[in-house]
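Inside the fold
Okay, here's what each chain looks like letter by letter:
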Amino acid sequence: MPSLDKPPVATTTVKWRFPAVHSEGFRYVLIAIGLTLLMTIVWDGFFWPFTALTLWVAAFFRDPVRTTPQGPGLIVAPADGLITMIQRVPVPRELDGPNGLGTAPLVRVSIFMSVFDVHINRTPIAGTVKQVVYVAGRFLNADLDKASEENERQYFVVEGHDGRRVGFTQIAGLVARRILGFVKAGDIVASGQRIGLIRFGSRVDVFLPDDCVCQVALGQRSIAGETVLGRIGGVPVTGVAQ
């Protein structure tokens, strides 16, 4: 494995490419196109507003390629968005049990996704999916702390190759009305692999292992599959808004 202190020298360049639209969004894009055509027939002044709506729907379901950092002890962000909370909290009962995280409080990092963020979620570590638990619930503002206990949500626990387990939760929000998962218990996943999405604004909570140090600060923006959220044996970081 290459040294993390001396990264390999780049031998080529990488060019930007337009993000693809995830297959889950195809029907919504087609519906938006149909509405645009229908409303334009009614009155041609509707063309531009509904064209903008169609472009927004396509952008919402965009699925960009991400480059995931590789290395021992790294936990990457599962979602794009704003780091809104970092606090030690009791582990939810849904993440307890033989395939869960235990009962001791853990540091929870909350990432809020607005309707303008990429909503494809990715696994923070490589390993085996130990459990997936779906809970029906309400649709409160995902930025509220109580949303983690009252909103519709889906819990995941992934056990890494070193035996450490990381739990994370997809939480529906005020506008979100559908949580989708792409994996099930027993699946083998790679770090940064796509595991699901949430439609139209939401939140993802990550529970860091006790020997993991948080590597993000409140108010920072994370990129799913790329931002290092935590590091085993790392040094705590702080942030300055400017």
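None of these values were measured; they are calculated from a predicted model.

Some words on the overall build of the protein
Along the backbone of the protein there are 3 helices and 16 strands. Counting only residues that meet the buried cut, the protein has 45% of its 242 residues in that class. Here the analysis covers contacts within the protein between residues at least 6 apart in sequence; of these, 72% occur between residues at least 24 apart.

Concerning the pairing of strand 12 (residues 194-198)
Of all 5 residues in strand 12, 4 are buried; the element is thus mostly enclosed. In the sheet, strand 6 (residues 120-122) pairs with strand 12 via 3 bridges, with the strands oriented antiparallel. Bridge pairing links Ile120 to Leu197 in strand 12. Here strand 10 (residues 179-181) runs beside strand 12; their pairing, made up of 3 bridges, is antiparallel. Counted as the bridge partner of Ile179 is Ile198 from strand 12.

Here we look at the sheet that holds strand 4 (residues 81-89)
Pairing is antiparallel in the open sheet, where 8 strands are placed in the order 11-7-8-9-13-5-4-15. Edge positions in the sheet fall to strand 11 (188-189) and strand 15 (221-222), since each of these pairs with one other strand and no more. Examined bridge by bridge, strand 8 (residues 153-159) and strand 9 (residues 165-172) share 7 bridges and lie antiparallel to one another. Its bridge partner being in strand 9, Phe156 is matched across the sheet by Phe168.

Focus: the packing of aromatic side chains
Each aromatic ring pair is specified by the distance between its two centres and by the angle formed by the two planes. Under the definition given, this model contains 8 aromatic pairs. Where Phe60 meets Phe61, the ring centres are 5.0 Å apart and the plane angle is 80°; that geometry is what we call edge-to-face. There is no split in this pair, since Phe60 and Phe61 are both buried. Seen in terms of ring centroids, Phe156 and Phe168 are 5.1 Å apart; in terms of plane orientation they differ by 10°. Their pairing is stacked. Of this pair, Phe156 sits in strand 8 while Phe168 sits in strand 9, placing them 12 residues apart in sequence. An identical accessibility class is assigned to Phe156 and Phe168; each is buried.

A few points about the packing of helix 1 (residues 26-42) against helix 2 (residues 47-60)
Viewed as axis vectors pointing N to C, helix 1 and helix 2 meet at an angle of 180°, and their least axial separation amounts to 9 Å. In this view, helix 1 runs roughly antiparallel relative to helix 2, as classed from their interaxial angle. Between helix 1 and helix 2, the residues in contact are Tyr28, Val29, Ala32, Ile33, Leu35, Thr36, Met39 and Thr40 and Phe47, Phe50, Thr51, Thr54, Val57 and Ala58, respectively. When the residues that make up the contact of helix 1 with helix 2 are grouped by side-chain class, the tally is 10 nonpolar, 4 polar and no charged.

Some details on helix 1
For helix 1, spanning 17 residues, the distance from its first C-alpha to its last is 25 Å, which sits close to the expected 24 Å at 1.5 Å a residue. In this structure, the buried side of helix 1 is in contact with strand 1 (20-21) and helix 2.

Here we look at the layout of surface pockets
Empty space within the largest pocket amounts to approximately 290 Å³. In terms of residue count, the dominant contributor to the lining of the largest pocket is strand 3 (residues 74-76) (3 residues). Taken together, the residues of the lining of the largest pocket break down into 11 nonpolar, 6 polar and 2 charged.

Criteria and thresholds
- Residues numbered from 1 in each chain as written.
- Predicted model: local features only at pLDDT ≥ 70, side-chain atom pairs only at ≥ 80, totals over all residues.
- Heavy atoms only, no water.
- Helix = DSSP H or I, 4+ residues; strand = E, 2+ residues; numbered from the N terminus.
- Buried < 20%, exposed > 50% of the residue type's maximum accessible area, 1.4 Å probe, protein only.
- Contact = heavy atoms within 4.5 Å.
- Pairing = 2+ DSSP bridges.
- Phe/Tyr/Trp six-rings, centres within 6.5 Å; stacked < 30°, edge-to-face > 60°.
- Axes fitted to C-alpha atoms, helices over the stretch in contact; angles between N-to-C directions.
- Parallel < 35°, antiparallel > 145°, perpendicular 65-115°, else oblique.
- Nonpolar A, V, L, I, M, F, W, Y, C, P; charged D, E, K, R; others polar.
- Expected span 1.5 Å × (residues − 1).
- 1 Å grid on protein atoms, 1.4 Å probe; cavity = no way out; pocket = protein on both sides within 12 Å on 5 of 7 lines; lining within 4 Å.
- Points joined across faces, edges and corners; volume = space filled by probe spheres on them.

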